Amino acid sequence: MAALHKLTGNFAATDVDGELLIVDLDGGELFSLSGTARSVWDAIDGQRDEAQLAEHLAAAFDVDAATLAADIAAFVEELRAAALVGPAK
C-alpha cells in the first residue's frame, strides 16, 4: 500500500481552539477534525501508509492496531473522495 500525503492545493485549513477546520476547495465540503480524526490527519506525512498510520496511532491511544485500522480506512476513504489525500509520489 502506498504512503499517503495531503493534497495541499485542494484545501484550506485553520485551527480553531484545537479543532482543525478543512475546506475542500473544489467541492466546498467542510471537515471539522478533532480527537482521533485530527490525530490521523496530523500523522499523514507522505511517509506512512494506512497500516503504518494504524500502528503509529495505536501506540499513542493504547488500542489494538487492527481495531483502529478499519476506522482509519473509512476516514481515509472520505478524505480520498474529497481529494484531500492521495498516494505519495
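Please read all numbers here as calculations on a predicted model, not as lab measurements.

1. Comments concerning the side chain of Asp49
On the secondary structure map, Asp49 appears in the loop between helix H1 (35-43) and helix H2 (50-61). For the buried Asp49, no salt bridge exists, and the shortest N-O distance to an oppositely charged side chain is 8.4 Å, to Arg48. There is a polar contact of 2.8 Å between the side chain of Asp49 and the backbone nitrogen of Gln52. Ignoring anything within four residues of it in the chain, the contact list for Asp49 reads Met1, Ala2, Ala3 and Leu4.

2. Overview of the environment of Asp15
Looking at where Asp15 falls in the secondary structure, it is placed in strand S2 (residues 11-16). For the pair Asp15 and Lys89, spaced 74 residues apart in sequence, the C-alpha separation works out to 27 Å. When sequence neighbours within four positions are dropped, the list of residues in contact with Asp15 reads Leu20 and Arg38. Within the structure, the side chain of Asp15 is placed 3.1 Å from the backbone nitrogen of Gly18, a separation counted as a polar contact.

3. Things to note about the sheet that holds S2
A sheet is described by the order of its strands in space; here three strands give the open sequence S2-S3-S4, paired in antiparallel fashion. Across the chains shown, the open sheet's two edge strands, defined by having one partner strand only, are S2 and strand S4 (30-33). Each strand axis lies, on average, 20° off the axis of its neighbour in the sheet, ignoring direction. Here strand S3 (residues 19-24) pairs with S4 via four bridges, running antiparallel. Directly across from Leu21, in S4, lies its bridge partner Ser32.

4. Quick word on the nonpolar core
In this structure, Ile22, Leu33, Trp41, Ile44, Ile72, Leu79 and Leu84 are the most contacted members of the largest nonpolar core, which totals 22 residues. Counting residues per element, the ones that place at least two in this core are S3, S4, H1, H2 and helix H3 (65-81). Excluding residues within four positions of it along the chain, Ile72 makes contact with Val40, Glu50, Leu53, Ala54 and Leu57.

Thresholds applied
- Residues numbered from 1 in each chain as written.
- Predicted model: local features only at pLDDT ≥ 70, side-chain atom pairs only at ≥ 80, totals over all residues.
- Heavy atoms only, no water.
- Helix = DSSP H or I, 4+ residues; strand = E, 2+ residues; numbered from the N terminus.
- Buried < 20%, exposed > 50% of the residue type's maximum accessible area, 1.4 Å probe, protein only.
- Lys, Arg positive; Asp, Glu negative; His and termini not counted.
- Salt bridge = Lys/Arg side-chain N within 4 Å of Asp/Glu carboxyl O.
- Polar contact = N/O pair within 3.5 Å; in protein donor to acceptor, adjacent residues only side chain to side chain.
- Contact = heavy atoms within 4.5 Å.
- Pairing = 2+ DSSP bridges.
- Axes fitted to C-alpha atoms, helices over the stretch in contact; angles between N-to-C directions.
- Core = buried A, V, L, I, M, F, W, Y, C linked by side-chain atoms within 4.5 Å.

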